[in-house]
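Each chain is listed here by its residues.
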Amino acid sequence: MRIDLRFDQQHVLVFGGTTGINFGIAEAFAVQGASVTVVSRKPENVAKAVERLSVHGHGVAGFCADVRSFESVGTALDSAVERFGPLDVLVSGAAGNFFCEAKDMSANGFRAVVDIDLVGTFNVARQAYAHLRKPGAAFINITAPQSSIAMRFQAHACAAKAGVDQLTRVLALEWGGEGIRVNAISPGPIDGTEGVKRLMGQTDEALAQAVGRVPLQRMGTLDDIANLALFLASPYAGYLSGAVIPCDGGGALESVKPTLEAAGRAAAAAPQL
Ligand code: HXC
Ligand code: NAP
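Residues numbered from 1 in each chain as written. Chains lettered and ligands numbered in written order. Predicted model: local features only at pLDDT ≥ 70, side-chain atom pairs only at ≥ 80, totals over all residues. Heavy atoms only, no water.

Caption draft 1: Broad picture of helix α1 (residues 20-31). The end-to-end C-alpha distance of α1, which contains twelve residues, comes to 16 Å, matching closely the 16 Å that a straight helix rising 1.5 Å per residue would cover. Burial of α1 is extensive: ten of the twelve residues sit out of reach of the surface. All buried positions along α1 are accounted for by Ile21, Asn22, Phe23, Gly24, Ile25, Ala26, Glu27, Ala28, Phe29 and Ala30. (Helix = DSSP H or I, 4+ residues; strand = E, 2+ residues; numbered from the N terminus. Expected span 1.5 Å × (residues − 1). Buried < 20%, exposed > 50% of the residue type's maximum accessible area, 1.4 Å probe, protein only.)

Next up, the structure:
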């Protein structure tokens, strides 16, 4: 179920927008009348995304770039702006992740994730600044619960996404005077995505455990995140900037989920005063 907010005549660019959550965001804007550009590394992902977005009948473009390369981000942006004009909405969502204990992680593995998630977000912001429509543009970063909750096997993503949150706040400070709003969305586990496959596995038991940790007792959907992105880019969010907004069914509220049974055992074991 999607909220209905029109973006006719607007240009929306989504870095990492060819698959998963970011594609869901790109598609929601395409449905709402925007011209949409998606950028990622793999030509096959770009081609498939462009084909899927084109059915909505508005302008669609796709370009290959690796967000770790400042130059290739700039080239993709130049091509996009040449096609559809200045950016009304910019989304930075490219990310990489794998499960690995810090003591076993190679320096290159750590660097790869920090380079994609954090340095990539800086590259996108720095190169796009000149192309943002001022005043009025919205810049949306995609972060993760790892930015504020320490998680085992996630040293790289925790460090990188914490940086993304702070970058979001600093840019909101620096760009606010020009009427650019900068916010971040922090999704919880989103059904069917690469992130969930990599971090939670695909067995029924693993997925049930993941759902069990969410107060709303379900995984998120692509539309849950896309709806928030549409809202953040809309005039209804005109006084919202510098916010890192969880969209996670309440999942980030609690790091350990106690049970009454366990609490009963703990109370029984406690010294009587
Ligand atoms: C240990 C690993 C590894 C693994 C890669 N490396 N996978 N180390 N365990 N499973 C190491 C490699 O050995 C190498 O180090 C270094 O990382 C770089 O690997 P490459 O394959 O050369 O890198 P590259 O081709 O640039 O790929 C980057 C990547 C890859 C991050 C490793 O997985 C990728 O492109 N991912 C994009 C898609 C993705 O991850 N989506 C999920 C996002 S979910 P050495 O030392 O050997 O050279 C997310 C949060 C989800 O962000 C939150 C859910 C709640
Ligand atoms: P995904 O489908 O793997 O999306 C990642 C996208 O980024 C892909 O389109 C990928 O395409 C692109 N990408 C990766 N490395 C890139 C690079 N170096 N340069 C340019 N593009 C690159 O994963 P997802 O699970 O939907 O996650 C999307 C975002 O949501 C990420 O920021 C992630 O951290 C965040 N998130 C996800 C979840 C979840 O439940 N899935 C939860 C919290 C946060 P190419 O391979 O073609 O480059």
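Caption draft 2: Looking closely at the sheet that holds strand β7 (residues 244-247). Taken in spatial order, the seven strands of this open sheet run β3-β2-β1-β4-β5-β6-β7, and their pairing is parallel. Two strands close off the open sheet at either side, each with one partner strand: β3 (60-64) and β7. Sheet twist, expressed as the average angle between the axes of neighbouring strands with direction ignored, equals 20 degrees. Across four bridges, strand β6 (residues 181-187) lies against β7 in parallel orientation. Residue pairing across strands places Ala184 opposite Val244, the latter belonging to β7. The strands touched by helix α3 (residues 70-84) are β1 (11-15), β2 (35-40) and β3; relative to β3, the strand with the most contacts, the crossing angle is about 165 degrees. In the packing of helix α5 (residues 155-175) onto the sheet, the strands contacted are β5 (138-142), β6 and β7, and the crossing angle to β6 comes to about 160 degrees. (Pairing = 2+ DSSP bridges. Axes fitted to C-alpha atoms, helices over the stretch in contact; angles between N-to-C directions. Contact = heavy atoms within 4.5 Å.)

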